[in-house]
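# What the coordinates show
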Amino acid sequence: MRIRDRAHNGDSHFPYDIISHMPPERVVVFINAQRVEVPPGSTAFDALRVWSADSAAQVEGGVRSLSDARGLPIGAESPVYGGAIYRVTGGRRGVGDATTSAGEA
């Protein structure tokens, strides 16, 4: 029996599938291997603020940087998505500077 069938006990007149049409209330992302839940439409920096206000201030100040799962820097307004992995690392790039030049390591 499918979840939809269990949700309305097989009533074929049920107007829609409640389970699949409900938007998620929270999006789960991971920052430095720790689970963080944020509202849909949040940015990576919003998630960082929820995880650690101190780390967010350090990233914003350029003391540390925020990167994706591949280690590439990301911009402050990058939208979150379910299961995204972010890392806060030591570095000089601020949260808004997602570009690197060929000479940077």
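This text goes with the structure placed above it.
The following paragraphs examine the structure supplied in this document. None of the values given here were measured: they were computed from a predicted structure.

Below, the discussion takes up the sheet that holds strand 4 (residues 85-90). Pairing is mixed in the open sheet, where 4 strands are placed in the order 2-1-4-3. Of all strands in the sheet, those bounded by a partner on one side alone are strand 2 (34-38) and strand 3 (64-68). Strand after strand, the sheet turns through a mean of 30 degrees between neighbouring axes, direction not considered. Note that strand 1 (residues 27-31) and strand 4 share 2 bridges and pair parallel. Across the sheet, the residue bridging to phenylalanine 30 is isoleucine 85, located in strand 4. Set on the sheet, helix 3 (residues 44-51) makes contact with strand 1, strand 2, strand 3 and strand 4; between it and strand 2 the angle comes to about 115 degrees. Relative to the sheet, helix 4 (residues 53-60) contacts strand 3 and strand 4, its axis offset from that of strand 3 by approximately 100 degrees.

On to the pattern of salt bridges, then. In the structure shown here, the tally under the stated rule is 3 salt bridges. For the salt bridge of glutamate 37 with arginine 35, the shortest nitrogen-to-oxygen distance reads 2.9 Å. Measuring nitrogen to oxygen at the nearest pair gives 2.6 Å for the salt bridge that ties arginine 70 to aspartate 68. Classification of arginine 70 by relative accessible area gives exposed; the value is 66%. According to the relative accessible area criterion, aspartate 68 is buried, its value standing at 11%.

This next bit is on the packing of helix 3 against helix 4. Packing of helix 3 against helix 4 brings their axes to within 5 Å, and their N-to-C directions diverge by 135 degrees. As judged from the angle between their axes, helix 3 and helix 4 are oblique. Residues Phe45, Leu48, Arg49 and Trp51 of helix 3 pack against Ala53, Ser55, Ala56, Val59 and Glu60 of helix 4. Looking at the contact of helix 3 with helix 4, its residues break down into 6 nonpolar, 1 polar and 2 charged.

Structurally, the position occupied by proline 39 is in the loop between strand 2 and helix 3. Proline 39 gets classed as partly exposed once you look at its relative accessible area, which sits at 38%. Placed 41 residues apart in sequence, proline 39 and valine 80 show a C-alpha to C-alpha distance of 9.4 Å. Apart from residues lying up to four places away in sequence, proline 39 is in contact with Glu25, Arg26 and Val27.

Definitions and cut-offs
- Residues numbered from 1 in each chain as written.
- Predicted model: local features only at pLDDT ≥ 70, side-chain atom pairs only at ≥ 80, totals over all residues.
- Heavy atoms only, no water.
- Pairing = 2+ DSSP bridges.
- Helix = DSSP H or I, 4+ residues; strand = E, 2+ residues; numbered from the N terminus.
- Axes fitted to C-alpha atoms, helices over the stretch in contact; angles between N-to-C directions.
- Contact = heavy atoms within 4.5 Å.
- Salt bridge = Lys/Arg side-chain N within 4 Å of Asp/Glu carboxyl O.
- Buried < 20%, exposed > 50% of the residue type's maximum accessible area, 1.4 Å probe, protein only.
- Parallel < 35°, antiparallel > 145°, perpendicular 65-115°, else oblique.
- Nonpolar A, V, L, I, M, F, W, Y, C, P; charged D, E, K, R; others polar.

Functional significance is not addressed by these values, which are geometric in nature.
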